[in-house]
Amino acid sequence: KTFDHLQGIIENLFDEAIHKAFPGVLAQYNIALDVARTRTQKFGDYQCNNAMNIFTALKGTSGAPSSPRDVATAILAAMPENNVIENLSVAGPGFINAFLKKEFIGTRLETLLQKGVHAAPSKKMKIVIDFSSPNIAKDMHVGHLRSTIIGDAMCRILEFQGHEVMRINHVGDWGTQFGMLICHLMDVFPNWQEVMPDITDLTQLYKNAKQRFDEDEAFHKRSKDQVVLLQSGDEQSRKVWNTLCDISRKEFQKVYDRLGVSLYEMGESFYNPIIPKVIKMLEDQKITEDSNGAKVIFTSKYKQPFMLVKSDGSYLYDTTDIAALWYRLNEMKADWIIIYTDYTQQDHFGLLFEVGKMSKILDPSKHRVNHIGFGTVNDESGKRFKTRSGETVRLVDLLDEAKARMKEQLTSRIASGQTSLPASEVDAAAERIGYGAVKYFDLSQSPTTSYEFSYDKMLSTTGNTAVYLLFAYARLSSIIRKSGVDMKTLDTKVLKLADPHEVALAVELLQFQDIICFINKDLASNRLCAYLYNIAEKVQLFVTKCRVIGVPEQNSRLLLCQATLKVMQTCFQMLGIDPLDQI
Ligand code: ARG
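Cut-offs and rules
- Residue positions are given per chain, counting from 1 as you read along its sequence in written order.
- Only residues with pLDDT of at least 70 get local features here, since the model is predicted, and only at 80 or more are side-chain atom pairs given and counted; chain-wide, interface and lining totals rely on the full set of residues.
- UniProt positions are given in the numbering used here, feature names are shortened, and annotations may be inferred rather than shown by experiment.
- Working rule for contacts: place C-beta from the backbone, and if it is within 6 Å of a molecule or strand, that residue counts as near it.
- The secondary structure listing takes helices from DSSP runs of H or I that are at least 4 residues long and strands from runs of E that are at least 2 residues long, numbered from the N terminus.
- Classes in brief: Ala, Val, Leu, Ile, Met, Phe, Trp, Tyr, Cys and Pro nonpolar; Asp, Glu, Lys and Arg charged; the others, Gly included, polar.
- Either an automatic procedure or a domain database provided the assignment from which the domain bounds are taken.
- Here the contact rule is simple: place C-beta atoms from the backbone, and any two residues whose C-beta atoms are within 7 Å are in contact.
- Strand pairing is assigned whenever DSSP identifies at least 2 bridges connecting the two strands.
- Note on method: axes are straight lines fitted to C-alpha atoms, helices fitted across the in-contact stretch only, with angles between N-to-C directions ranging 0 to 180 degrees.

Per an unreviewed UniProt entry, the protein goes by arginine--tRNA ligase and derives from Thraustotheca clavata. Among the UniProt annotations of the protein, the heading Subunit (unreviewed entry) holds the following wording: "Monomer." According to its UniProt record, the protein has this under Subcellular location (unreviewed entry): "Cytoplasm".

Q: Please clarify how the site of the ligand should be interpreted in this entry.
A: In the vicinity of the ligand, the residues found are D130, S133, P134, N135, H170, G172, D321, A324, I339 and T341. Put simply, the parts of the chain that give the shell around the ligand at least two residues each are α12 (317-331) and β11 (336-342). Broken down by class, the residue content of the shell around the ligand amounts to 3 nonpolar, 5 polar and 2 charged.

Q: What is the right way to look at the domain arrangement of the protein in this model?
A: Quoted interface sizes are often the accessible area lost when the parts come together. The domains assigned to the protein are domain 1 (6-100), domain 2 (177-259) and domain 3 (395-575). Its C-alpha centre places domain 1 at a distance of 35 Å from the equivalent point of domain 3. At the junction of the two partners, domain 1 supplies 5 residues and domain 3 supplies 7 residues. Here the side of domain 1 that touches domain 3 is built from residues that sort into 2 nonpolar, 2 polar and 1 charged.

Q: So what exactly am I meant to see when it comes to the sheet that holds strand β1 (residues 35-37) here?
A: Spatial strand order, β1-β2-β4-β3: 4 strands in an open sheet with antiparallel pairing. One side of each edge strand has no neighbouring strand; the edge strands of this open sheet are β1 and β3 (85-91). Adjacent strand axes in the sheet meet at a mean angle of 25 degrees when their direction is disregarded. The sheet contact formed by β1 and strand β2 (residues 46-48) spans 3 bridges and is antiparallel. Paired with R37 across the strands is Y46, a residue of β2. Docked against the sheet, helix α4 (residues 68-77) engages β3 and β4 (95-100), running at close to 170 degrees with respect to β3.

What follows is the structure, given as structure tokens:
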């Protein structure tokens, strides 16, 4: 068992030591190896916490150790000769602490400088990521923002590792809302046949149509018939539908362009033609049931049925999704599907994956599927984040506001001489930092919890914010710039870590691959933010405690700065944030 990343290397060492001291104990008692970073640097870089559970497991057997500390001491004595860890000690009830050897840290850092930042090698996969997925004729709001930003970051993280990622925008372009939209449009623009109306405010059109749909019975009926017409391929309905989709598409694209997010549209309508085939497949397997004229599927896990076909013969959200699941796994040959939506759809996807398994569309031994249901974005009083007039906040306004506030901050920094950023670059810088801050604020929260929206927190120069991180990055860049040293001419051999602040920063940099491995497992992309923040804090200590320019250690420290920039740059890139060399 060989690992390229640090966690794996240290785990191997402890595994070996435990096996030597207590042969076979982990396997026999089904104990998971527990090796982690220490919480306080003072005691070490890594700790192994297995002494306690090994002690408990062996209790009462012949020759059982007399205390967890004895277990720890025996493991420590059995540690194989190695060039990775040193100064092992037993603490508390039996924690084993270990420090990384400085030469080891130095060598790994040199490799990083020479070869660049890489993820641990892994089997290449085809991954479908279904994210953003707004609905036609409705505005993208802060909820879609989370899906777009977090989904994009996950794509970048997986792309970085060399996987083939398919960025799918599952646009809501096929629901029953189109009946009322088409009818309403035909009514208010009676000569739509000659000139397609130029609609700029689709949201208003939607609202008006919805009001009529709810209040006017005749209109309600017409709308329903219209959906059937559209879904059966009626040319006129198609034409109006196309226009509506195009208008929305243009609006969505503006947002994606501003966020630097790329997506491939495969909306709900895409799957319409394959639905009959998939339904037939499910029927042939005899897992469908008739329920008052509707076709449904019951699973053992959920009370509510999976709705395949309504009693009037029309298809639903469920229908499209089972067709999409089939298409992605069988036609696109995806090994892994990740879907991002808000948490209210948790059961929908839980049920979908169950039906997938029942029907063998989904083979858990071959395919991995995840739904990430994120929490809501709330205001400071804990209510859903809305504008003052009670409307959902539009994404574009949010980005504008962040940029404007950042511009103010930068302008006052220039006025007070805190930066030599040329005035001509303020606008572009404010945009990069402002947008970065909006993204980062979202990315730094756990994807599955709700959070409180606050411009002030988002744009703060302290704490776990993009602004703080970008400052740390710019600070290091400026040190290198001011040194006047051409980094390309520096031999990485001059790297020598001595000061504890240098070591602490370096140890942090070596965690990169481990962080990526953890994210691959639990999809908590916010780990990357926590990691960047840890680095930035170590940078802050390093630059305040260790002079770089003009001291004997200068070149070694410049290399440490450069390695830090490389790791930070990679993380920023995975988060979709563009760092600046000067702020
Ligand atoms: N359009 C949906 C919404 O806005 C999200 C679609 C997610 N993807 C899917 N395959 N159902 O909530």
